[in-house]
Amino acid sequence: MDLALSLLSLTAIALVLGALFLWKREGYRRQALLMLVLAAILAGNIVIWTLPGPSGSTLSAEAEKQLPK
C-alpha cells in the first residue's frame, strides 16, 4: 500500500509540473487544465486513504491488516 501511495504522490507532482510547463506553451491550455484537475483528484485520493477516520485508523492501515502474510 505504501508503494501505491508513493506512486500516486509522484504522479500528482509530475502532473502539476507538466501542467505548468504546458501552460506556458500556446495552444495547450486545455490539456494543462485537465492535468491539474487529474492531479487534484489524485491528491484527494491520497487524503482519503491517509486521513484518520472516527476510529483513529486510516484506510491504508486497515488495508494492510487485510493482506495475507
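Residues numbered from 1 in each chain as written. Predicted model: local features only at pLDDT ≥ 70, side-chain atom pairs only at ≥ 80, totals over all residues. Heavy atoms only, no water.

Caption draft 1: Main features of helix α2 (residues 29–50). When the terminal C-alpha atoms of α2 are compared, their 32 Å separation across 22 residues agrees well with the 32 Å that a helix rising 1.5 Å per residue should span. Along α2, the residues that are buried comprise Ala32, Ala39, Leu42 and Ile46. Here the buried residues of α2 occupy an arc of 80° about the axis, which is enough to place them on one side. Those residues of α2 that are exposed and angled more than 90 degrees off the buried face are Arg30, Leu34, Ala40 and Ile48. Tucked into the core, α2 has its buried residues touching α1 (2–24). (Helix = DSSP H or I, 4+ residues; strand = E, 2+ residues; numbered from the N terminus. Expected span 1.5 Å × (residues − 1). Buried < 20%, exposed > 50% of the residue type's maximum accessible area, 1.4 Å probe, protein only. Arc of directions from axis to C-beta. Contact = heavy atoms within 4.5 Å.)

Caption draft 2: Broad picture of the environment of Leu59. The topology assignment puts Leu59 in helix α3 (residues 59–66). We classify Leu59 as partly exposed; its relative accessible area is 43%. Note: C-alpha distance between Leu59 and Ile48 (11 residues apart in sequence) is 7.6 Å. Once you skip the residues sitting within four places of it in the chain, Leu59 turns out to touch Ile48 and Trp49.

Caption draft 3: Quick look at the side chain of Ser60. Inspection of the secondary structure assignment puts Ser60 in helix α3. For Ser60, a relative accessible area of 12% corresponds to the buried category. Separated by 3.2 Å, the side chains of Ser60 and Thr58 make a polar contact. With residues up to four places along the chain from it excluded, the contact list for Ser60 reads Met1, Leu5 and Trp49. (Polar contact = N/O pair within 3.5 Å; in protein donor to acceptor, adjacent residues only side chain to side chain.)

Caption draft 4: Structural context of the side chain of Thr58. Topologically, Thr58 is positioned in the loop between α2 and α3. Look past the residues within four positions of Thr58 in its chain and what remains in contact with it is Trp49, Thr50, Leu51 and Pro52.

Caption draft 5: View of the packing of aromatic side chains. The full count for this structure, using the stated rule, is 0 aromatic pairs. Residue placement shows Arg29 over the ring face of Trp23; its charged tip is 4.6 Å from the ring centre. (Phe/Tyr/Trp six-rings, centres within 6.5 Å; stacked < 30°, edge-to-face > 60°. Lys NZ or Arg CZ within 6 Å of the ring centre and 35° of its normal.)

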